[in-house]
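Coordinates in review
Residue-level listing of the chains:
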Amino acid sequence: MGAIEGQAVLLNAPGEDAVLEDILVDSPGPGEVRVKIAASGVCHTDLTVKNLKGMGMTFPIVLGHEGAGHVVDVGEGVTHLAPGDPVVLAYRAPCEQCPACRRGDPRHCYVALRPAQRIKRKRDGALCSQVLRCGTFSTYTVVHAKAAIKMPQNMPLDKACLIACGVVTGVGATFNTTPITPGSRVAVIGCGGVGLSVIQGAKLANARQIIAVDINTTKLQWAQQFGATDVVNANDGDPVAQVRALTEDGYDGGVEYAYEATGIPKCIEQAVKMLAYGGCATTIGLPAATDAVTLNLGDMATGVYWNKAAIHVCHAGDTLPSNDFPLLAQLYLQGRLNLDSMVSRVISLNDVEAAFHEMETGAIIRSVIKL
Ligand SMILES: NC(=O)c1ccc[n+]([C@@H]2O[C@H](COP(=O)([O-])OP(=O)(O)OC[C@H]3O[C@@H](n4cnc5c(N)ncnc54)[C@H](O)[C@@H]3O)[C@@H](O)[C@H]2O)c1
Ligand SMILES: [Zn+2]
Ligand SMILES: [Zn+2]
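Since this is a predicted model, take the numbers as computed values, not measurements.

Around the zinc ion (ligand 3), the protein contributes the donor atoms Cys-95 (SG), Cys-98 (SG), Cys-101 (SG) and Cys-109 (SG), at 2.3 to 2.4 Å from the metal centre. Given four donor atoms and angles of 103 to 118 degrees at the metal, the environment of the zinc ion (ligand 3) is assigned as tetrahedral. For the zinc ion (ligand 3), the single-chain donor residues occur in sequence as C-x2-C-x2-C-x7-C. For the pair Cys-95 and Cys-98, a shared accessibility class is recorded, and that class is buried.

To continue, consider the pairing of strand β14 (residues 255-260). Counting buried residues in β14 gives five out of six residues, a clear majority hidden from the surface. Inspection of the sheet shows strand β11 (residues 185-189) paired to β14 by four bridges, in the parallel sense. Within β14, the position partnered with Ile-189 by the bridge is Glu-260. Sheet topology note: the β14/strand β15 (residues 275-283) ladder contains five bridges and is parallel. Of the residues in β15, the one forming a bridge with Ala-258 is Ala-281. Handedness of the crossover is the feature at issue here: the chain leaves β14, passes through helix α8 (residues 265-273), returns alongside β15, and the resulting connection is right-handed.

So, about the packing of aromatic side chains. Using the criterion set out here, one finds one aromatic pair in the structure. Their ring planes at 85 degrees and their centres at 4.8 Å tell us that Tyr-305 and Trp-306 sit as a pair that is edge-to-face. Residue classification places Trp-306 among the partly exposed residues on the basis of a relative accessible area of 43%.

Membership of the largest hydrophobic core comes to 52 residues, with the highest contact counts inside it found for Ile-199 and Leu-339. At the level of secondary structure, the elements contributing two or more residues to this core comprise α3 (157-160), α4 (166-177), β11, α5 (193-204), β12 (209-214), α6 (217-225), β14 and α9 (321-333). Taken together, domain 1 (4-166 + 317-370) and domain 2 (179-313) each give at least three residues to this core, which thus spans both.

Once that is clear, we can look at the coordination of the zinc ion (ligand 2). Within the protein, the zinc ion (ligand 2) binds to Cys-43 (SG), His-65 (NE2) and Cys-165 (SG); these donor distances fall in the range 2.0 to 2.3 Å. Within one chain, the residues serving as donors to the zinc ion (ligand 2) are arranged as C-x21-H-x99-C. Of the two residues, Cys-43 sits in the loop between β3 (32-41) and α1 (44-51) while Cys-165 sits in the loop between α3 and α4, which places them 122 residues apart along the sequence. Assessed through its relative accessible area of 4%, Cys-43 is described here as buried.

Moving on, we get to unusual backbone geometry. Residue Pro-60 is bonded to the preceding Phe-59 through a cis peptide linkage, with omega at -5 degrees. For Pro-60, the location among the structural elements is in the loop between α1 and β4 (61-62). Even without being glycine, Arg-133 reaches a positive phi, approximately 65 degrees. By the element assignment, Arg-133 lies in the loop between β8 (129-130) and β9 (140-144). Residue Arg-133 is classed as buried on the basis of its relative accessible area, which comes to 18%. Notably, Ala-316 is not glycine yet its phi reads approximately 50 degrees, a positive angle. Mapped onto the fold, Ala-316 is located in the loop between β16 (310-313) and α9.

The sheet built from five strands is open, its strands ordered β7-β2-β1-β4-β8 with mixed pairing. At either end of the open sheet lies a strand with only one pairing partner, and these are β7 (119-121) and β8. Where strand β1 (residues 4-11) and strand β2 (residues 19-25) come together, seven bridges link them in antiparallel fashion. Paired with Ile-4 across the two strands is Val-25, which belongs to β2.

What counts and how
Residues numbered from 1 in each chain as written. Chains lettered and ligands numbered in written order. Predicted model: local features only at pLDDT ≥ 70, side-chain atom pairs only at ≥ 80, totals over all residues. Heavy atoms only, no water. Donors = N, O, S within 2.8 Å, 3.2 Å for Na, K, Ca; no water. Tetrahedral: all angles 85-135°; square planar, octahedral: opposite > 155°, others 65-115°. Buried < 20%, exposed > 50% of the residue type's maximum accessible area, 1.4 Å probe, protein only. Helix = DSSP H or I, 4+ residues; strand = E, 2+ residues; numbered from the N terminus. Pairing = 2+ DSSP bridges. Right-handed = clockwise from strand over helix to strand, strands pointing away. Phe/Tyr/Trp six-rings, centres within 6.5 Å; stacked < 30°, edge-to-face > 60°. Core = buried A, V, L, I, M, F, W, Y, C linked by side-chain atoms within 4.5 Å. Domains from an automatic or database assignment.

Below is the structure:
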């Protein structure tokens, strides 16, 4: 079929705003698929890539990594997908080669399958990088064929796209990274797209108490709609003390599981201090290269040593996309996973900068670009 003309939201240089540009998208190579994007969520990580000046990727960069669409054509050797198939794009499709994959633990794959660079900026032919190997703020993209996960025909793609990052990360944090024992107490710090998905996962896992922590009252109201049993506004005083008071049980309170979904180092410290004895804090937010946390070891009440606190790191919900994406779609179709209420705005490719601004200043869960 040859190259297809399209448009994509590009970061052209460090410090610049994202702009819509004409692009050329080459045919998929062996083991790749070309996808016509139908919808893409705007995740905080896209904004972080902009704010952190590309995070090591070469410019120009096609933004977006929470996308769904239809297969246009498949490269040599691809037999599990055909043109027209509805797919959600996975940025952590296991490589099948690394030590984790070889020992049969693909959820902890060290790397992820990536396509060759097939997107060019039309005006000068510059080869584009794709955020997290996806690049979904685009009319077309090319991904590794194993990163394109087929959806049921009745799954709406403007909801399915959310599975690709925010939902699989948040729900996956509670299913895979740090599975919740039924009847546990859970705190979730940060109630954006990821944190609200943690809350949904905690509810599906039959947590007894789900305490939502945020600084935005609207987010806290939404958190209750998604399953939070209690809310804590971190602007109303130390969130650690508030969570401990809400969980007072004669042993100083605390939660068995705390999930941080803000990307703010002090919130990771808070998550650790919220734990009951033997609890586990899971950090999800994306750090900058110089971010660091200070953890007390020896405090008898909240020190990591005496409180026997564990810390896990969540990468995309430790997902195995070929298993998890269809599962999450099924939960949505059964009415057990709420994706509809996560879409606060439906926008176009022209609105990405406005969506970034609203993410930082307004009360929105997800803006979804519909093409
Ligand atoms: N680890 C992963 O695989 C992965 C995947 C997706 C996103 N992320 C990261 O997760 C984080 C959350 O992503 P998102 O898309 O949900 O972002 P978001 O901007 O939608 O949500 C962040 C939330 O944190 C709240 N917040 C800000 N300061 C706070 C504070 N001091 N205390 C409590 N809450 C506070 C905000 O009000 C907002 O509701 C980002 O850092 C993102 O880059 C990581
Ligand atoms: Zn994301
Ligand atoms: Zn691997």
